[in-house]
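Spelled out, the chains give:
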Amino acid sequence: MVIAGDMLCADQNFDVAQVVRFFRSEPGELIIYYELEDSERSSSRGMVEVCRDTHRINRFCEKPRDGQTTSRLASVVFYCIQRDTLPYLSDFLLLQTRASDRSFGRFWEWLVNEKQLDVFGMKLPTGFQLIGQVGLSDYTRWLTHYSANQQDTPAKPITCRSFARVGLMGNPSDGFHGKTIAMSICNFWAEVTLVESQTLVLVPHPLNDPTEFGSLQDLFCISRKEGYLGGLRLLQATCKKFYQFCSNQGIALTKQNFTLKYDTNIPRQVGLAGSSAIVSATLKCLMKFYNITDNDLPKPIRANFILNVETEELFITAGLQDRVVQVYEGLVYMDFGKKLMEEQGYGNYVSLDMGGLPPFWLAYLSDPSDSGRIHSNIRQRWLSDRNVLLCCVSTGEPLVVDAMKTFAELTDQARAALQERDWRRLAQLMDQNWELRRSVYTDECLGPGNLTMVELARQFGSAVKLPGSGGAVVGLCLDETRLVEMKAAFQQAGCVFCVIAPYDPSAARR
């Protein structure tokens, strides 16, 4: 292991053991690199081009000229070298006649580009400086940083929020290589707060993760309504998956602990993406805390990550739609075509213009059942047998297979209606989406609560469909004067009703 003696790391809790573990897991040498800040010039560093999938360094450019590489990943003098590779050092020195060329940077450039040895990269997601290359202002800043750490100054909390979403078109085809359009809404959200602490602590939510009850009857009533699965498991699963992801991707995390707590006002079990909102907000906090950038975890991969937390760790039935819209935010068109998913591992996601949207409304059951049950046996009917998994040929039930294709076609038509501001056409398509879903899932599976809400909306001439897996309906009433009496009717039927406030991320940034 070679480490420069003139390097100042921003974090005193840097985990050298994690670097050693990663080095031993790869069949080659290891170079530590970091992402240049905007003010840093690539011509002053050794730049590396790293394969995202294998972590192999494909090219090393020592202090490159302008245009020689587009990489912003810079090598630092922090290397792990295998014993068998050490003789290459002697060979390299014999080739260099000038002392100025006898540097580690030139050595790695020769080893990677000419000898083509297997050299891997691990990212250091934290700031550092070289003592010989900083000015007075930099020294002052670093002294302030270390002084603050020594004085045990309370860490500033990191708070992140993810919003509920409504599926406007195409759902539930996102789990069946279909297409959907969904929108994040300001009415409901999940919020996670992370603050640095001595030990890692996950704080139970007082309502969603109860550990104390007034009586056995209270325990019975709460368990019957809320089940046994609160939000704490989502925090824990996200943290576990995050560490695993960073380890696999060659990202060296610091040995910092934290306390995580969450809050949410997203109604439970009505298909508004409450669980994924907690996971999404937790991931945002972890990325900020450990300085993980969009380049480390791009948005399409981030959506896959959130889905994997739920499906692989917690065995929650889910599709990609909710996670995509909570990562991209706003109004998003999503194409989950089979070829796209197989070739790139994610779909085609397009943010749509949110200007001048019509007044959508939302209603949900005040005492719902578990929305996950509404998926029923559709997947089994779509697959029909294991052949679809083994040979990628759809041999499912024709009714279900054709329905998923039709959902995708309706979504493309809805995208055109949104772009042309044709709200009447959009309302017609929303009704078609519901009728198609009803024909496939059947009334028995959909349940009386969802059917009652749909029929109630139609009494007021409103387009209506399910925004998620069940327990809520989203609608578009072109006659806005009827919204007040429609709200009263829903409330009288024991439902909660609200006009949707869309969340526009571009407006939030202004």
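Residues numbered from 1 in each chain as written. Predicted model: local features only at pLDDT ≥ 70, side-chain atom pairs only at ≥ 80, totals over all residues. Heavy atoms only, no water.

## Some thoughts on the confidence of the model for the protein chain
Cut-off, in case you're wondering: Note on scores: pLDDT gives the predictor's confidence for each residue, bounded by 0 and 100. Note on definitions: a residue-residue contact is assigned when non-hydrogen atoms from the two residues lie within 4.5 Å.
Model confidence for the protein chain is summarised by a mean pLDDT of 89, while 91% of its residues fall at 70 or above. pLDDT under 50 marks residues 385-394. Its contacts with residues more than four places away, or in other chains, come to 13 contacts.

## Remarks on the packing of aromatic side chains
Condition: Between 30 and 60 degrees the pair is tilted, below 30 it is stacked and above 60 it is edge-to-face, where a pair is any two Phe, Tyr or Trp rings, Trp via its six-membered ring, whose centres lie within 6.5 Å. Strands are runs of DSSP state E lasting at least two residues, helices are runs of H or I lasting at least four, and both sets are numbered from the N terminus onward. When a residue's accessible area, from a 1.4 Å probe over protein chains only, is under 20% of the maximum for its type it is buried; when over 50% it is exposed; and in between it is partly exposed. In this scheme, Lys NZ or Arg CZ marks a charge over a ring once it lies within 6 Å of the ring centre and within 35 degrees of the ring normal.
Tallied over the full model, the rule gives 20 aromatic pairs. Ring geometry for Phe92 versus Trp110: centroids 5.6 Å apart, planes at 45°, classification tilted. With a gap of 18 residues between them, Phe92 in helix α2 (residues 87-95) and Trp110 in helix α3 (residues 104-114) connect regions that are remote in the sequence. For the pair Phe92 and Trp110, one class covers both residues: buried. Between Phe188 and Tyr364 the ring centres are 6.0 Å apart and the planes differ by 80°, which places this aromatic pair in the edge-to-face class. Here Tyr364 lies in strand β15 (residues 360-365) and Phe188 lies in strand β10 (residues 179-197), a separation of 176 residues in the sequence. Tyr364 matches Phe188 in its accessibility class, with the two residues each being buried. Among the aromatic residues, ring-to-ring pairing joins Tyr79, Tyr88, Phe92, Phe104, Phe107, Trp108 and Trp110 into one connected group. Between the NZ or CZ atom of Lys299 and the centre of the ring of Tyr328, over which it lies, the distance is 5.4 Å. When the ring centre of Tyr333 is taken as origin, the NZ or CZ atom of Arg415, which lies over that ring, is 4.4 Å away.

## Some remarks on the pattern of salt bridges
As a reminder, the rule being used: Whenever a carboxyl oxygen of Asp or Glu lies within 4 Å of a side-chain nitrogen of Lys or Arg, that contact is scored as a salt bridge.
As enumerated under the stated definition, the model contains 27 salt bridges in all. The salt bridge involving Glu310 is made with Arg323; its shortest N-O contact spans 2.8 Å. Pair noted here: Glu310 is in helix α8 (residues 299-313) and Arg323 is in helix α9 (residues 321-328), with a separation of 13 residues, a long-range link. With respect to class, Glu310 is no different from Arg323; both count as buried. Overlapping salt bridges bring together Arg165, Glu310, Asp322 and Arg323 as one network.

## Focus: the sheet that holds strand β18 (residues 495-499)
The condition is simple: Strand pairing requires that DSSP identify at least two bridges connecting the strands. Fitted lines through C-alpha atoms give the axes, limited to the stretch in contact for helices. The angle between two N-to-C directions lies from 0 to 180 degrees.
Read from one edge of the open sheet, four strands run β16-β17-β15-β18, paired in antiparallel fashion. Of all strands in the sheet, those bounded by a partner on one side alone are β16 (463-465) and β18. Across the sheet, the axes of successive neighbouring strands diverge by a mean angle of 20°, strand direction being ignored. Sheet topology places β15 next to strand β17 (residues 472-476); five bridges connect them, and they run antiparallel.

## Regarding the side chain of Asp209
This is how the line gets drawn: This count recognises Lys and Arg as positive and Asp and Glu as negative, with His and chain-terminal groups excluded. Think of a polar contact as two N or O atoms within 3.5 Å of one another; within protein, one of them needs to be a possible hydrogen donor and the other a possible acceptor, and neighboring residues in sequence only count if both atoms come from side chains.
Structurally, the position occupied by Asp209 is in the loop between β11 (201-202) and α5 (216-226). Despite its burial, Asp209 remains without a salt bridge, the nearest opposite charge being carried by Arg268 at 7.1 Å. At 3.0 Å, the side chain of Asp209 and the backbone nitrogen of Gly231 are in polar contact.

## Quick look at unusual backbone geometry
Asn171 connects to Pro172 through a cis peptide bond whose omega is 15°. Within the secondary structure, Pro172 is located in the loop between β9 (158-169) and β10. Phi at Lys63 takes a positive value of approximately 45°, unusual for a residue other than glycine. Mapping Lys63 onto the fold places it in the loop between β5 (57-62) and β6 (73-80). Here Gln269, not a glycine, exhibits a phi torsion of approximately 60°, which is positive. Following the sequence through the fold, Gln269 ends up in the loop between β12 (257-264) and α7 (274-289).

## What about α3?
All of the buried residues in α3 are Gly105, Phe107, Trp108, Glu109, Trp110, Leu111 and Val112. Buried residues in α3 make contact with β3 (29-35), β5, β6, α2 and β7 (119-123). Gln116 sits one or two residues past α3 and shows a positive phi near 55°.

## Examining helix α6 (residues 232-248)
Rule in force here: Expected span of a helix, by definition, is 1.5 Å for each gap between consecutive residues, and there is one gap fewer than residues.
In a regular helix each residue adds 1.5 Å, so 17 residues correspond to 24 Å; α6 covers 25 Å between its end C-alpha atoms and thus fits that length. In the core, the buried residues of α6 are packed alongside β10, β11, β12, α7 and α8. Immediately beyond the C-terminal end of α6, within one or two residues, lies Gly250, with a positive phi of roughly 70°.

## Side note on the nonpolar core
Test applied: To qualify as a nonpolar core, a set must consist of buried Ala, Val, Leu, Ile, Met, Phe, Trp, Tyr and Cys residues joined through side-chain atoms within 4.5 Å.
Ranked by size, the top nonpolar core spans 113 residues in total, and within it Met183, Phe242, Trp361, Leu362, Leu426 and Phe490 carry the most contacts. Excluding its chain neighbours within four sequence positions, the residues that come into contact with Phe242 are Leu253, Leu283, Leu286, Met287, Tyr290, Ile292 and Phe305. Counting residues in each nonpolar core, the second largest holds 19 residues, with Phe14, Val19, Tyr34 and Val76 among its members.

## Some thoughts on the side chain of Glu109
By the secondary structure assignment, Glu109 is in helix α3. In terms of polar contacts, Glu109 uses its side chain to reach the side chain of Arg106, at 2.9 Å. The contact partners of Glu109, leaving out residues within four places of it in the chain, are Phe60, Cys61, Glu62 and Glu114.

## Things to note about the packing of α7 against α9
Worth spelling out the cut-off: Here the word oblique covers every angle except those under 35 degrees (roughly parallel), over 145 (roughly antiparallel) and from 65 to 115 (roughly perpendicular). What makes a crossing left-handed is the near helix being turned counterclockwise from the far one by less than a right angle; a clockwise turn instead makes it right-handed.
Interhelical geometry of α7 versus α9 gives an angle of 40° and a closest axis separation of 10 Å. Comparing their axes, α9 and α7 come out oblique. Between α7 and α9 the crossing geometry is right-handed. The residues of α9 that touch α7, namely those facing Ser276, Ala277, Ser280 and Lys284, are Asp322, Arg323 and Gln326.

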